[in-house]
Amino acid sequence: PIKKMWGGRFEAAGDQLVDTFGASIGFDQAMAKEDIMGSLAHVKMLKATKILSAADADQIIAGLEKLADRLEKEGLPFTVENEDIHMNIETLLTEEIGPVAGKLHTARSRNDQVATDLHLYVKKRLPKIVDLLTKLQTALVDKAAANVKTVMPGYTHMQHAQPISYGHYLLAYFQMFQRDVERFQFNMKHTDISPLGAAALAGTTFPIDRELSASLLGFAAPYANSLDAVSDRDFALEFLSNASILMVHLSRLCEELIYWCSYEFGYIELADQYATGSSIMPQKKNPDMAELIRGKTGRIFGDLTGLLTVMKGLPLAYNKDMQEDKEGIFDAVKTIVPSLQVMTGMIRTLHVNKKKMEHATHNDFSNATELADYLATKGVPFRQAHEIVGELVLKGLKTGANLADIPLEQYQQINPQITADVYEVLKPHVAIARRHSLGGTGFDQVKEQIAAARKIIEKN
Ligand code: ARG
C-alpha cells in the first residue's frame, strides 16, 4: 500500500478492503473538472492574498491547467489508492510539478473542497435541465396548437366526466413543467454559494479572501457560516426533490400515453422510433419508452429518500456519511436528462387519432352536466335537474339510448320549457365551446392559454 496523503499519524499500513470501501474515486471522478476549477480559483486567491508567492502559485496554476487539458483530451488516470478525486488530482499535480503541489492545500480542507465541487456540479446542470424542460414545453404547446379543436373525454376517477379539448389536456402538463422550471430556477439560489474557505469546519488563520475565490468561480456569494458551508446539502436535497416532482409529472403523462395507445382506447399512436416490438408476438407495438420513464421515477425517489436519510441524523459538521451524497445526484442527472429528451421526441412525433377521441364522447353520458345546466337555466333548481338527468341516464343505460337520442316530446313531458335547441347543447364540441370561464376548456380559452404559454417559454 502507498503512503496516504494524511498518513503522518498512522503506523500500520492500510487494509486493501477497507481502503476500497472508503474510496469514492469510482464515482466522484465525475467532478474532476469541477475539482480542478475549484483548485484554480483557490490558488489564484492564495496568490492574490500573497499567502503563496507568485512563483509558487504560477507553477501550481500551470500544472492545474495542464491537468484540465489532459482531462479534456485523454482523461486522467485515477487510482483507488488515492481515495477520492481531490487526492487523485493533487497526486497528479505533484507528478506534473513536483513538491510545490503540496502548497495548494494551504488554507483548505477536503471538506470545503468537496462541497465546492458538488455546488459547481449542480450549478452547471441546472440551466441545462431548465432548457430541456423548455423544449418539452414547446413540444406540448405545438401539439396543443394543432389540437385546439380535438375533442376527447375528460376523466375523473378514470370515468368519462365531461368533454374537453385535447389541446387543453396538453396544456395542463405545460403548467406542471413550468412549475418544475421555476423550482429548478429557485434551486440556483441555494446552489450558487461558495463553501470554499470554510476549510475543515472553522475557517482558517490564513488571511484568505473568500469573496475573491467565490467570484472567480462565478458564485454569487460565499457561505456566511463555515460550519454550515461544509455540512449543508440542502441544495442537493432540493435538486433531488425537484427531480422527483418532475418525474411524477413525466410518469403521469407516461401512464396516459400507455393507456391511450392501447387497443381499448386507441386515442394515439406512438411513432415507430418510440415504440418496440415483441420477440415472440409479431403484431406488438409496445410503449416501452413511456414505461421506462415511468419506471425510472422509482430510482429518483430512491435518490431523494437516500440522501434525506443520510442527512437526517448528522451532527455538525462534516461526516463521512456525506460521501454518499454524490451518486444519487449523478444518477438523477443521468436519468432526468434523457427522460426529458425522449419525452419531448415522443410528444412531437405521436399521431393523434382525432376521430377515435371524439367518437368516445358520442356514445357516453359525458354531456349529462350540459342537460342539467340547461334545465337549470330554464328555472329548474340544479339539484332537481341533477336528479332528473340522473334518472334519464339510468334509463338510457338500460335501453341503450344516449341523451341526444331522447325524442323532444319525451323531454317536454319532463319539462315543457325544453325546446329543440337542447340537442345543440348536448353536442360534445358545443359543450367545450361554451366553457368560456377563465382557464376552462373552451376553444377560445385554450387559444389564449397557448398564446400565454408561448410568452412564458420565451422568458424561461
Ligand atoms: N471523498 C470525501 C467526500 O466525498 C471528501 C471529503 C473527505 N473529507 C474527510 N474529512 N474525510 O465526502
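Up top is the structure these notes are about.
Residues numbered from 1 in each chain as written. Predicted model: local features only at pLDDT ≥ 70, side-chain atom pairs only at ≥ 80, totals over all residues.

A. Structural detail: the overall build of the protein chain. Counting its regular elements, the protein chain contains 19 helices and six strands. In terms of overall dimensions, the protein chain is more spread out than a globule: its C-alpha atoms have a radius of gyration of 31 Å, far above the 23 Å expected for 460 residues. Counting only C-alpha atoms, the protein chain reaches 100 × 50 × 40 Å along its principal axes. Relative to its full complement of 460 residues, the protein chain shows a buried share of 40%. A sequence separation of at least 24 residues applies to 76% of the contacts in the protein chain between residues at least 6 apart. (Helix = DSSP H or I, 4+ residues; strand = E, 2+ residues; numbered from the N terminus. Rg over C-alpha atoms; globule rule 2.2 N^0.38 Å. Buried ≥ 20, exposed ≤ 12 C-beta atoms within 10 Å, placed from the backbone. Contact = placed C-beta atoms within 7 Å.)

B. Spatial organisation of helix α12 (residues 326-349). Between its first and last C-alpha atoms α12 spans 35 Å; for 24 residues at 1.5 Å apiece the expected length is 34 Å, and the two agree. Those residues of α12 that fall on the buried side of the exposure criterion are Lys 326, Gly 328, Ile 329, Ala 332, Ile 336, Ser 339, Leu 340, Met 343 and Met 346. The inward-facing, buried residues of α12 abut α2 (25-28), α6 (110-145), α10 (234-260) and α11 (288-311). (Expected span 1.5 Å × (residues − 1).)

C. Seen up close, helix α14 (residues 368-377). Within the span of α14, buried status applies to Ala 368, Glu 370, Leu 371, Ala 372, Tyr 374 and Leu 375. Where α14 is buried, its residues touch α15 (382-399), α17 (422-425) and α18 (428-433). Positive backbone phi, at 100 degrees, marks Gly 379, one or two positions downstream of α14.

D. Up close: the site of the ligand. The local shell around the ligand consists of Ser 24, Asp 28, Asp 84, Arg 110, Asn 111, Val 114, Tyr 318, Lys 320, Met 322 and Gln 323. When residues of the shell around the ligand are assigned to their parent elements, the largest contribution, three residues, is made by α6. Partitioning the shell around the ligand into residue classes produces three nonpolar, three polar and four charged. There are two domains that each give the shell around the ligand at least three residues, and those are domain 1 (14-106) and domain 2 (111-147 + 162-357). (Near = placed C-beta within 6 Å. Nonpolar A, V, L, I, M, F, W, Y, C, P; charged D, E, K, R; others polar. Domains from an automatic or database assignment.)

E. Seen up close, the environment of Ala 30. Of note, Ala 30 is situated in the loop between α2 and α3 (32-48). Residues Ala 30 and Lys 326, 296 residues apart in the sequence, show an inter-C-alpha distance of 9.4 Å.

F. Representation of the nonpolar core in the model. Grouped together as the largest cluster of nonpolar side chains are 99 residues, with contacts concentrated most on Ala 236 and Leu 240. For this core, the leading source of residues is α6, giving 14 residues. Counting contributing residues, this core receives three or more from each of domain 1 (14-106) and domain 2 (111-147 + 162-357). Apart from the residues lying within four places of it in its own chain, the contact partners of Leu 240 are Asp 303, Leu 304, Leu 307, Gly 328, Ile 329 and Ala 332. With 14 residues, the next largest nonpolar core counts Ala 372, Leu 375, Leu 392 and Val 422 among its residues. (Core = buried A, V, L, I, M, F, W, Y, C linked by C-beta atoms within 7 Å.)

G. Seen up close, the pairing of strand β2 (residues 159-165). Pairing analysis gives six bridges linking strand β1 (residues 151-156) to β2, with the strands arranged antiparallel. The residue bridging Thr 156 from the neighbouring strand is Gln 159, located in β2. Here β1 folds back onto β2, and the loop between the two strands holds two residues, one of which, His 157, carries a positive phi near 55 degrees. (Pairing = 2+ DSSP bridges.)

It is worth stressing that arrangement in space is one thing and function is another; only the former is reported here.
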